Amino acid sequence: LTLIIFAKQIKNLIQIVMRKFISLMMFMTAVFAFTSCTTEDQNEAMTLTGTWQGDLGIYMYSDRYNDYYEAYQTTIQFNSSGYGSTSGTGYELDRFQNAPWNYIYNPIQWSVTDGTIYIYYPKENMTLRIFDYYLSDKYFSGRMEDGTEFHLTYVGNFDFSPYNNDYYNAKTRN
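So, how was this worked out
- Residues numbered from 1 in each chain as written.
- Predicted model: local features only at pLDDT ≥ 70, side-chain atom pairs only at ≥ 80, totals over all residues.
- Heavy atoms only, no water.
- Helix = DSSP H or I, 4+ residues; strand = E, 2+ residues; numbered from the N terminus.
- Buried < 20%, exposed > 50% of the residue type's maximum accessible area, 1.4 Å probe, protein only.
- Core = buried A, V, L, I, M, F, W, Y, C linked by side-chain atoms within 4.5 Å.
- Contact = heavy atoms within 4.5 Å.
- Polar contact = N/O pair within 3.5 Å; in protein donor to acceptor, adjacent residues only side chain to side chain.
- Salt bridge = Lys/Arg side-chain N within 4 Å of Asp/Glu carboxyl O.
- Lys, Arg positive; Asp, Glu negative; His and termini not counted.
- Phe/Tyr/Trp six-rings, centres within 6.5 Å; stacked < 30°, edge-to-face > 60°.

Moving on, we get to the environment of Gln42. Tracing the backbone shows Gln42 in helix H2 (residues 40-48). For Gln42, a relative accessible area of 17% corresponds to the buried category. A C-alpha to C-alpha distance of 5.7 Å links Gln42 and Gly84, two positions 42 residues apart in sequence.

Printed below as a string of C-alpha cells:
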C-alpha cells in the first residue's frame, strides 16, 4: 500500500513538473513570436538618427547673379518616427559665404529602404538618393546618386529653432 501511494505521489509530481514545463515553453514561444529581430534597414535608420555636420557637397545657383555658390557647412538632423522605424523627419541647414544669402534651411522627410537612404525636400519637391555610403555612430560619408561625395560627423544636438520657417536668410550684396 505504501508503494502504491508513493507511486501516485511521484506520478502527481511528474504531472506538475510537466505542466510547469509546458507552460514555460508556451510562454517562451509567445515571447519569441511577438519579438522581431531588427532588419538591416532598421539598424541603418537607428544609426542615422541624430544630427550630422560637415560637407554635403551642396551648391546653389542664383538666377539673379548668374552664379553658383558652395555651402561651406551643412548640418542635417534625422528624427526617427519611433523605435524600429525606418523613416522620419528632420531639418537641413546649409551655410554659405560670399553668396547672396547666409544660409538655406529645409525641412526633410527621410527613409531607409533596401539599404538606400532617401531624403525628400518638400519645399523643393526633390528626392535625394544615397546608396553608396559608410555609416557608423560617428561618421557618415559616401556618394549620392549624381556622384557628389559627402563627409559628415555625428554632433549629437543642434539648435535649429533660430532657422525654423525661414527658408533662407538673404543679406545685402554690393
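Continuing now.
Leu48, Phe78, Ile119, Ile130 and Phe140 are the most contacted members of the largest nonpolar core, which has 27 residues in total. Elements supplying a minimum of two residues to this core: H2, strand E3 (67-80), strand E5 (101-113), strand E6 (116-121), strand E7 (126-135), strand E8 (139-144) and strand E9 (149-156). A per-element tally of this core places E5 first, with five residues. What Ile119 contacts, discounting residues up to four positions off in sequence, is Ile76, Phe78, Ile108, Gln109, Trp110, Met126, Thr127, Leu128 and Ile130. Counting residues in each nonpolar core, the second largest holds five residues, with Leu93, Tyr105, Phe160 and Tyr163 among its members.

We now examine the environment of Ser80. Checked against the element boundaries, Ser80 lands in strand E3. For the pair Ser80 and Trp110, spaced 30 residues apart in the sequence, the C-alpha separation amounts to 8.9 Å. Non-local contacts of Ser80, meaning those with residues more than four positions away in its chain, are made with Thr49, Ser85, Ser87, Gly88 and Trp110. In this structure the side chain of Ser80 is engaged in a polar contact, spanning 2.9 Å, whose partner is the backbone oxygen of Gly82.

Turning our eyes to something else, we now look at the pattern of salt bridges. For the structure shown, the criterion picks out three salt bridges. The partner of Arg129 in a salt bridge is Glu145, and the shortest N-O contact between them spans 3.1 Å. Residue Arg129 is located in strand E7, and its partner Glu145 is located in the loop between E8 and E9; the two are separated by 16 residues in the primary sequence. Residue classification places Arg129 among the partly exposed positions, given a relative accessible area of 30%. Put simply, Glu149 and Arg143 hold a salt bridge, and the shortest N to O gap is 3.0 Å. We classify Glu149 as partly exposed; its relative accessible area is 42%. Judged by relative accessible area, Arg143 falls into the partly exposed class, the value being 35%.

As a further point, take the side chain of Asp41. Looking at the element boundaries, Asp41 is found in helix H2. Although Asp41 is buried, it makes no salt bridge; Arg129 carries the closest opposite charge, 13 Å away. When sequence neighbours within four positions are dropped, the list of residues in contact with Asp41 reads Thr86, Val112, Thr113, Asp114 and Gly115.

For the structure shown, the criterion picks out 13 aromatic pairs. Taking 6.0 Å as the distance between ring centres and 85° as the angle between the ring planes, the aromatic pair formed by Tyr133 and Phe140 counts as edge-to-face. Among the aromatic residues, those joined into a cluster by ring pairs are Tyr91, Tyr103, Tyr105, Phe158, Phe160 and Tyr163.

In short, shape yes, function no, at least from these values alone.
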